[in-house]
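# Survey of secondary and tertiary structure
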Amino acid sequence: MTQFDGELSPPFEIVEPQRWRAPIIFNSPHSGSVYPSEFLNASRIDLAALRRSEDSFMDELIGGLSDQGFPTVRVNFPRSYVDVNREPYELDPRMFTGRLPSFANTRSVRVAGGLGTIPRVVGDGQEIYRERLSVDDALGRIEALYKPYHRALRRLINKAHQAFGTVILVDCHSMPSVGVSREEPRRPDVVIGDRYGTSCASLLPDVVEHIMSGLGYSIGRNKPYAGGFITEHYGNPASGLHTVQLELNRAIYMDERRRERSPRFAQVVTDFAMLADALAQVPLGDLGPFQAAAE
């Protein structure tokens, strides 16, 4: 590990129940709020601005589900430092001194937007760093934080898959209540992302929509978020690997400006527990075999 070993120990946490109720894993990759001192020192913006990229409190919203028989995963380091919902080497060469490895993906849409594995900007477009970083710094973060997280997540997924024959990964995120563009319509309460029907059996987003809409939430599908690297990478329905991304409108459960839990927070926790219960009742045999629709 590097000099941030002590500050980011542990870098992520997996809580497994004593007895798995169902092969359903709840993952919060973007709620990390432990900022290494060297990162803060290198940033040209203050901590409050950096924290705008956080999926604040999402780890708390799902934290109690481990007591109900569902494993939970939370990342403690911030996405503005290392974003695990990207390919391992989505890197912007303009950010670094030195030459990136030949296998780095320097031309993705996410890199172009400044939101690669080592982000250049925070969510509202503000530049993070005062100076260029060394390539070794970037690769060190990936080796020390990104790769161990994905190895652990893969082990957990494989454990569920071997025990149950299938697995459902619910990738939990939150989104600002309004978009950057004024042309964007009002965002729904929950956006369900399944990579346009390719990352999971269609039954799963249907169940999510049925339960959450029944609880009074407005629902969107795949717009503005269809699912990132985690949804795409771990979703392989033909092999019994189902991944669905949930984006929760932050205005529902928190004061976005003050970054504080709102009075409705406890109710949202209860609603997530009801959703988990409904997903656990889905007969596993109804999830496959699945074939993606032809283009």
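The model shown is predicted, which means the values in this text are computed figures rather than measured ones.

So, about the side chain of Arg187. Within the secondary structure, Arg187 sits in the loop between β6 (167-175) and β7 (190-193). What makes Arg187 buried here is its relative accessible area of 7%. Excluding residues that lie within four positions of it along the chain, Arg187 makes contacts with Met175, Pro176, Ser177, Val178, Gly179, Pro224, Tyr225 and Asn249.

With 30 residues, helix α5 (residues 135-164) ought to run about 44 Å at 1.5 Å a step, and its terminal C-alpha atoms sit 42 Å apart, in line with that. Its maximal kink placed at Ile142, α5 deviates by approximately 35°. One or two steps after α5, the chain reaches Gly165, where phi turns positive at roughly 85°.

Here we come to the environment of Tyr217. Following the sequence through the fold, Tyr217 ends up in the loop between α6 (203-214) and β8 (219-221). Accessibility expressed as a relative area gives 3% for Tyr217, which makes it buried. Taking the C-alpha atoms as reference points, Tyr217 and Leu248, separated by 31 residues in sequence, lie 9.8 Å from one another. With near-sequence residues (within four places) excluded, Tyr217 lies in contact with Asp189, Val190, Met212, Leu248, Ile252, Arg264, Val268 and Asp271. At 2.6 Å, the side chain of Tyr217 and the side chain of Asp271 are in polar contact.

A separate point is the confidence of the model for the chain. For the chain, per-residue confidence averages 94 on the pLDDT scale, and residues scoring 70 or more make up 95% of the total. For the stretch residues 290-295, pLDDT sits under 50, and the model shows six contacts to residues farther than four places along the chain or on other chains.

Below, the discussion takes up the nonpolar core. Of all hydrophobic cores here, the largest spans 44 residues; its most connected members are Ile25, Phe96, Ile118, Tyr149 and Ile157. Looking at this core, the element that brings in the most residues is α5, giving twelve residues. In contact with Phe96, not counting residues within four places along its chain, are Leu91, Ile118, Arg132, Leu133, Ser134, Val135 and Ala138. Among the nonpolar cores identified, the runner-up in size contains 37 residues, and Ile168, Val190, Ala201 and Ile252 belong to it.

Within β6, nine of the nine residues are buried, which leaves it mostly tucked inside the rest of the structure. Of the two faces of β6, the one holding Val167, Leu169, Asp171, His173 and Met175 and the one holding Ile168, Val170, Cys172 and Ser174 are both buried throughout. In this structure, strand β2 (residues 24-28) lies alongside β6, joined through four bridges in parallel fashion. Paired with Ile24 across the bridge in β6 is Ile168. Examined bridge by bridge, β6 and strand β9 (residues 241-249) share nine bridges and lie parallel to one another.

Next up on the list: the sheet that holds β8. In space, the seven strands of this open sheet follow the order β1-β3-β2-β6-β9-β7-β8, with mixed pairing throughout. Taken across any chain shown, the strands that pair with only one partner, and hence form the sheet edges, are β1 (12-15) and β8. Adjacent strand axes in the sheet meet at a mean angle of 20° when their direction is disregarded. The pairing of β1 with strand β3 (residues 72-75) spans four bridges and is classified as antiparallel. Counterpart to Ile14 in the pairing with β3 is Val73.

About the cut-offs
- Residues numbered from 1 in each chain as written.
- Predicted model: local features only at pLDDT ≥ 70, side-chain atom pairs only at ≥ 80, totals over all residues.
- Heavy atoms only, no water.
- Helix = DSSP H or I, 4+ residues; strand = E, 2+ residues; numbered from the N terminus.
- Buried < 20%, exposed > 50% of the residue type's maximum accessible area, 1.4 Å probe, protein only.
- Contact = heavy atoms within 4.5 Å.
- Expected span 1.5 Å × (residues − 1).
- Bend = angle between axes of the 7 residues up to and from the residue.
- Polar contact = N/O pair within 3.5 Å; in protein donor to acceptor, adjacent residues only side chain to side chain.
- pLDDT = per-residue confidence, 0-100.
- Core = buried A, V, L, I, M, F, W, Y, C linked by side-chain atoms within 4.5 Å.
- Pairing = 2+ DSSP bridges.
- Axes fitted to C-alpha atoms, helices over the stretch in contact; angles between N-to-C directions.

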